[in-house]
Amino acid sequence: MLNLRVLVITGAGISAESGIPTFRGKGGYWRNLDPAKLATPEAFARDPQLVWDWYRERRTKIREAEPNDGHIAITRLSKQSSDFLLVTQNVDDLHRRAEHDGTLISPDQMVQIHGDIFLTRCSRCDHAYGEADADSTGIPRCSACGAMMRPGVVWFGESLNLQPIQVVENYLSKGPCDVVLVIGTTAMFGYIVDWALRAIGDDGRLIEINPDTTSLTGFATQSVRKPAGEALPDLVNELLGA
Ligand code: OAD
């Protein structure tokens, strides 16, 4: 275990080598599909079956996918750093399933800031359940209040959930990090940029892992222009002095 305070922020790019499409990259979802028709509360109100079909298709793809060397390297880093937090924008469960030396990342060391695709939650009340192994069909109804159930993800136009924000804020309030890794995200949301910059403080290192430039490139101490699965095992070795 190293005395290392590390914040890791990931986006769709870390799951690309596992076969999960990104949103804005080549072959990304938003290149061919209109988010307004699939990922907003209005879209769900207009055509809940279409929205469910799309999320179930994505769930199936994710169930069939395996974590890659990038996810595994992050699990390893989480085990060997004294104070670690992973903030992922990904709704897939590949970080959670990435095993290093027989261990998984501990649930209190990560937050899924945009929700969990395998969670099915009520569109009106707090009722929710997991569907990691198999999907319901049609448009499920809430057993508590009868409203439509929806995927447990954050849609455009919705606020982030308070609980994961609280985890990030608590972590940041403890002081700056030694290292901030920003992996596979265009970093187009203000809160992602804000968290990364606050976390480095005056002299932390900001390392970006992305084949392309992003909105954080100008602030990065180091930019690794390689796919995450290729770059992360070496980078984590280097950080751990292994
Ligand atoms: P994007 O699709 O915007 O960006 C993916 C990033 O990954 C791009 O910068 C690519 O260059 C990079 N990339 C592609 N392959 C890579 C690889 N093998 N290794 C490393 N990087 C790679 O995805 P996000 O930034 O995650 O929101 O998008 C943020 C949010 O926008 C998503 O969480 C989703 C979407 O709309 C919600 O669902 C609320």
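Residues numbered from 1 in each chain as written. Predicted model: local features only at pLDDT ≥ 70, side-chain atom pairs only at ≥ 80, totals over all residues. Heavy atoms only, no water.

**Focus on the packing of helix α6 (residues 69–80) against helix α10 (residues 228–239)**
Contact geometry for α6 and α10: axes closest at 7 Å, N-to-C directions at 20°. Considering their axes alone, α6 and α10 lie roughly parallel with respect to each other. Handedness of the crossing formed by α6 with α10: left-handed. Between α6, through Asp69, Gly70, Ala73, Ile74, Arg76 and Leu77, and α10, the contact on the second element is made entirely by Ala228, Gly229, Leu232, Pro233, Val236, Asn237 and Leu239. Taken together, the residues of the contact of α6 with α10 break down into eight nonpolar, three polar and two charged. (Axes fitted to C-alpha atoms, helices over the stretch in contact; angles between N-to-C directions. Helix = DSSP H or I, 4+ residues; strand = E, 2+ residues; numbered from the N terminus. Parallel < 35°, antiparallel > 145°, perpendicular 65-115°, else oblique. Left-handed = near helix turned anticlockwise from the far one by under 90°. Contact = heavy atoms within 4.5 Å. Nonpolar A, V, L, I, M, F, W, Y, C, P; charged D, E, K, R; others polar.)

**Focus on the site of the ligand**
Around the ligand, the structure places 23 residues, and the nearest of them are Phe23, Arg24, His114, Thr185 and Asn210. At a separation of 3.2 Å, an oxygen atom of the ligand approaches a polar backbone atom of Gly184. Here the ligand loses 91% of its free accessible area of 800 Å² to cover by the protein chains. (Near = heavy atom within 4 Å. Polar contact = N/O pair within 3.5 Å; in protein donor to acceptor, adjacent residues only side chain to side chain. Areas by Shrake-Rupley, 256 points an atom, 1.4 Å probe, with all protein chains shown as cover.)

**Points about the packing of aromatic side chains**
Under the defined criterion, the tally for this structure stands at ten aromatic pairs. With a centroid separation of 5.0 Å and 80° between ring planes, the pair formed by Trp54 and Tyr55 is classed as edge-to-face. The two residues Trp54 and Tyr55 agree in class, both being buried. An aromatic cluster is built from Phe23, Tyr29, Trp30, Phe44, Trp54, Tyr55, Trp155 and Phe156, whose rings are joined through pairwise contacts. Directly above the ring of Tyr171 sits Arg5, whose terminal nitrogen or CZ lies 4.2 Å from the centroid. Over the face of the ring belonging to Trp54 we find Arg58, whose NZ or CZ atom lies 4.5 Å from the ring centre. (Phe/Tyr/Trp six-rings, centres within 6.5 Å; stacked < 30°, edge-to-face > 60°. Buried < 20%, exposed > 50% of the residue type's maximum accessible area, 1.4 Å probe, protein only. Lys NZ or Arg CZ within 6 Å of the ring centre and 35° of its normal.)

**Details of the packing of helix α8 (residues 162–173) against helix α9 (residues 190–200)**
When two helices pack together, their arrangement is captured by the angle between the axes and the distance separating the axes. Direction vectors running N to C along α8 and α9 enclose 20°, while the axes themselves pass 10 Å from each other. Between α8 and α9, the angle is such that the two are roughly parallel. Here α8 runs over α9; the crossing is left-handed. Of the residues in α9, those touching α8 at Val168, Glu169 and Leu172 are Trp195, Arg198 and Ala199. Here the contact of α8 with α9 is composed, by residue class, of four nonpolar, no polar and two charged.

**A short note on the sheet that holds strand β2 (residues 81–88)**
Here we have six strands laid out as an open sheet, ordered β3-β2-β1-β7-β8-β9, and parallel in their pairing. The outermost strands of the open sheet, each flanked by one partner alone, are β3 (110–112) and β9 (222–224). Strand-to-strand twist across the sheet, computed as the mean angle between neighbouring axes with direction ignored, equals 15°. Examined bridge by bridge, strand β1 (residues 2–10) and strand β7 (residues 179–183) share five bridges and lie parallel to one another. Opposite Ile9, over in β7, you have Val182 as the bridge partner. This element, α10, spans β1, β7, β8 (205–209) and β9 of the sheet and lies at about 155° to β8. (Pairing = 2+ DSSP bridges.)

**Some thoughts on unusual backbone geometry**
Leaving glycine aside, a negative phi is the common case for residues, and trans is the common case for peptide bonds. The backbone of Asp101 sits at a positive phi, close to 50°, despite the residue not being glycine. Here Asp101 is to be found in the loop between α7 (94–97) and β3. With a phi angle near 50°, Ala187 is a residue other than glycine that sits in the positive phi range. For Ala187, the position within the fold is in the loop between β7 and α9.

**Overview of the pattern of salt bridges**
Applying the stated rule across the entire model yields 13 salt bridges. Taking the shortest distance from any N to any O, the salt bridge between Arg5 and Asp83 comes out at 2.6 Å. Taken as a pair, Arg5 in strand β1 and Asp83 in strand β2 lie far apart in primary sequence, 78 residues in all. Assessed through its relative accessible area of 9%, Arg5 is described here as buried. Here Arg198 makes a salt bridge to Glu169, at a shortest N to O gap of 2.7 Å. A residue pair is termed long-range when its members are at least 10 positions apart, and Arg198 in helix α9 and Glu169 in helix α8 qualify at 29 residues. (Salt bridge = Lys/Arg side-chain N within 4 Å of Asp/Glu carboxyl O.)

**Some thoughts on the pairing of β1**
Within β1, seven of the nine residues are buried, which leaves the element mostly enclosed by the surrounding structure. When β1 meets β2, the two strands line up parallel, connected through seven bridges. Each residue of the ladder has a partner; that of Thr10, found in β2, is Thr88.

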